[in-house]
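# An overview of the molecular structure
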Amino acid sequence: MDDRNFESSSTNVASRQSSQSRQEDRNVWVLTAYGACALALFGILAYYFSDFITR
C-alpha cells in the first residue's frame with residue numbers, strides 16, 4: 001500500500017514539473033514577442049524622428 005502512495009505522489013510531482021516547464025516555455029515566448037514588438041516600435045519611431053530632424 002505504501003508503494004502505491006509513493007507512485008501516485010511521484011506521478012503528481014512529475015506532472016506538476018512538466019506543467020511548470022510548459023508555463024516557463026510559454027513565458028519565454030511571450031517575452032520574446034514583447035521584445036520583438038518593442039524593437040519594431042523603436043525602429044518606426046527612430047525612422048519618423050530621423051525624418052523629422054532631416055527636414
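The structure this text deals with has already been given above.
Please read these numbers as outputs of a predicted model, since none were measured by experiment.

### Comments concerning the overall build of the chain
Looking only at helices and strands, one finds one helix and zero strands in the chain. Expressed as a percentage of the 55 residues in the chain, the buried residues total 0%. For the chain, the accessible area works out to roughly 5400 Å², and carbon and sulfur atoms hold 63% of it.

### Here's the deal with the pattern of salt bridges
Enumeration over the complete set of coordinates arrives at one salt bridge. Taking the shortest distance from any N to any O, the salt bridge between arginine 55 and aspartate 51 comes out at 3.6 Å. On the basis of relative accessible area, arginine 55 is assigned to the exposed category, the value being 78%.

### Some remarks on the packing of aromatic side chains
Evaluation of the coordinates by the stated rule reveals one aromatic pair. Here the aromatic rings of tyrosine 47 and tyrosine 48 are separated by 5.2 Å at their centres, their planes lie at 70°, and the arrangement is edge-to-face. A residue is classified by how much of its surface remains accessible, and tyrosine 48, at 54% relative accessible area, is exposed.

### Digging into a nonpolar patch on the surface
On the surface, Val30, Leu31 and Tyr34 cluster together to form a nonpolar patch covering roughly 340 Å² of accessible area. Take tyrosine 34: it is sitting in helix α1 (residues 2–54). Judged by relative accessible area, tyrosine 34 falls into the exposed class, the value being 60%.

Quick notes on the rules
Every chain is numbered independently, its residues counted from 1 as its sequence is written. Thresholds applied to this predicted model are a pLDDT of at least 70 for local features of residues and 80 or more for the giving and counting of side-chain atom pairs; totals over whole chains, interfaces and linings are not thresholded and use all residues. Side-chain descriptors were evaluated using all non-hydrogen atoms of the structure, hydrogens and water having been removed beforehand. Every helix listed is a DSSP run of H or I at least four residues long, and every strand listed is a run of E at least two residues long, numbered separately from the N terminus. Categorising residues by exposure relies on relative accessible area from a 1.4 Å probe, with only protein chains included: less than 20% of the type maximum marks a residue as buried, more than 50% marks it as exposed, and the intermediate range marks it as partly exposed. Here the accessible surface of atoms and residues is derived via Shrake-Rupley with a 1.4 Å probe, and residues count as covered only by protein chains that are part of the display. Every case where a carboxyl oxygen of Asp or Glu lies within 4 Å of a side-chain nitrogen of Lys or Arg is listed as a salt bridge. Working definition: rings of Phe, Tyr and Trp (its six-membered ring) pair if their centres are within 6.5 Å, and the pair is stacked with planes under 30 degrees apart, edge-to-face with planes over 60 apart, and tilted otherwise. A residue counts toward a patch only above 30% relative accessible area and without a salt bridge, and it is joined to like-charged neighbours within 9 Å or, for Val, Leu, Ile, Met, Phe, Trp and Tyr, to nonpolar neighbours within 5 Å.

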